[in-house]
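Report on the structure
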Amino acid sequence: MHASYYHKAHACIMVFDVQRKITYKNLNSWYKELREFRPEIPCILVANKIDADMKMTQKSFNFARKFNLPFYFVSAADGTNVVKLFNDAIKLAVAYKKNSGDFLDEVMRELEVRAGCDEWGCWGGHSCEQQAALCWVGVGMGKSDARGFPVLFPAELRAGEERGGLV
Ligand SMILES: Nc1nc2c(ncn2[C@@H]2O[C@H](COP(=O)(O)OP(=O)(O)OP(=O)(O)O)[C@@H](O)[C@H]2O)c(=O)[nH]1
């Protein structure tokens, strides 16, 4: 899968189809690839389509145990465990993002603080990422106000907009 799919992911839901064994076997290579890009993010394993064969819920799947992954039996068709799965994945992702030792996450946390973003979002009409990018440039150019916030000049902002919105 292209690297951009993994970029800045904070959680992963890996799904196999209980009706097609090959999808279970393929988990090895998917998991290996995931860990090359995102070594630490929480990963949840899902056995999907249990409505088609409820007997499969009696089976124990070693992959989850081997890699110590939370494991859910799901049916996307009838909704079994779907909401729980996504709620839990979001919680894990948020918890990971708050505390992660990933260099990029640490940089983003620092920039969000400098840009005046908090858990509500970003103040000043920009998204956190836009604001952080503005801040990044401001810091890089050594321009900041007394509070450490970046100072950008209209010409730089215009140039940024011409390049697609970010300075
Ligand atoms: N019975 C059942 N069918 C499902 C479930 N989830 C998906 N399907 C069916 O599986 C087929 C493939 O679904 P997609 O959403 O296209 O999934 P995909 O991963 O792109 O495709 P596959 O790899 O073929 O499963 C469709 O016919 C779906 O209706 C499920 O939980 N139960």
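Residues numbered from 1 in each chain as written. Predicted model: local features only at pLDDT ≥ 70, side-chain atom pairs only at ≥ 80, totals over all residues. Heavy atoms only, no water.

In the nomenclature of an unreviewed UniProt entry, the protein chain is known as Rab-like protein 2B of Sphenodon punctatus. Under the UniProt heading Sequence similarities (unreviewed entry), the entry covering the protein chain gives this text: "Belongs to the small GTPase superfamily. Rab family." (UniProt positions renumbered as here; feature names shortened; annotations may be inferred.)

Another point: the overall build of the protein chain. In terms of helices and strands, the protein chain carries 7 helices and 5 strands. Order of helices (α) and strands (β) in the protein chain, N terminus to C terminus: β-α-α-β-α-β-α-α-β-β-α-α. For the protein chain, the residues scored as buried account for 34% of the 167 residues in total. For the protein chain, long-range pairs separated by at least 24 residues make up 60% of all intrachain contacts whose partners lie at least 6 apart in sequence. In the structure as shown, the protein chain presents an accessible area of about 10,800 Å², 57% of it carried by carbon and sulfur atoms. (Helix = DSSP H or I, 4+ residues; strand = E, 2+ residues; numbered from the N terminus. Buried < 20%, exposed > 50% of the residue type's maximum accessible area, 1.4 Å probe, protein only. Contact = heavy atoms within 4.5 Å. Areas by Shrake-Rupley, 256 points an atom, 1.4 Å probe, with all protein chains shown as cover.)

Looking now at a nonpolar patch on the surface. Together, Met 1, Tyr 5 and Trp 30 make up a nonpolar patch on the protein surface, roughly 380 Å² of accessible area in all. Position of Tyr 5 relative to the elements: it lies in the segment before strand 1 (12-17). (Patch = residues over 30% accessible without salt bridge, like charges linked within 9 Å, V, L, I, M, F, W, Y side chains within 5 Å. Salt bridge = Lys/Arg side-chain N within 4 Å of Asp/Glu carboxyl O.)

Ordered in space as 1-2-3, the 3 strands form an open sheet in which the pairing is parallel. Taken across any chain shown, the strands that pair with only one partner, and hence form the sheet edges, are strand 1 and strand 3 (71-73). Neighbouring strand axes in the sheet, compared pairwise and without regard to direction, differ in orientation by 25° on average. Bridge count between strand 2 (residues 43-48) and strand 3: 3 bridges; the pairing is parallel. (Pairing = 2+ DSSP bridges. Axes fitted to C-alpha atoms, helices over the stretch in contact; angles between N-to-C directions.)

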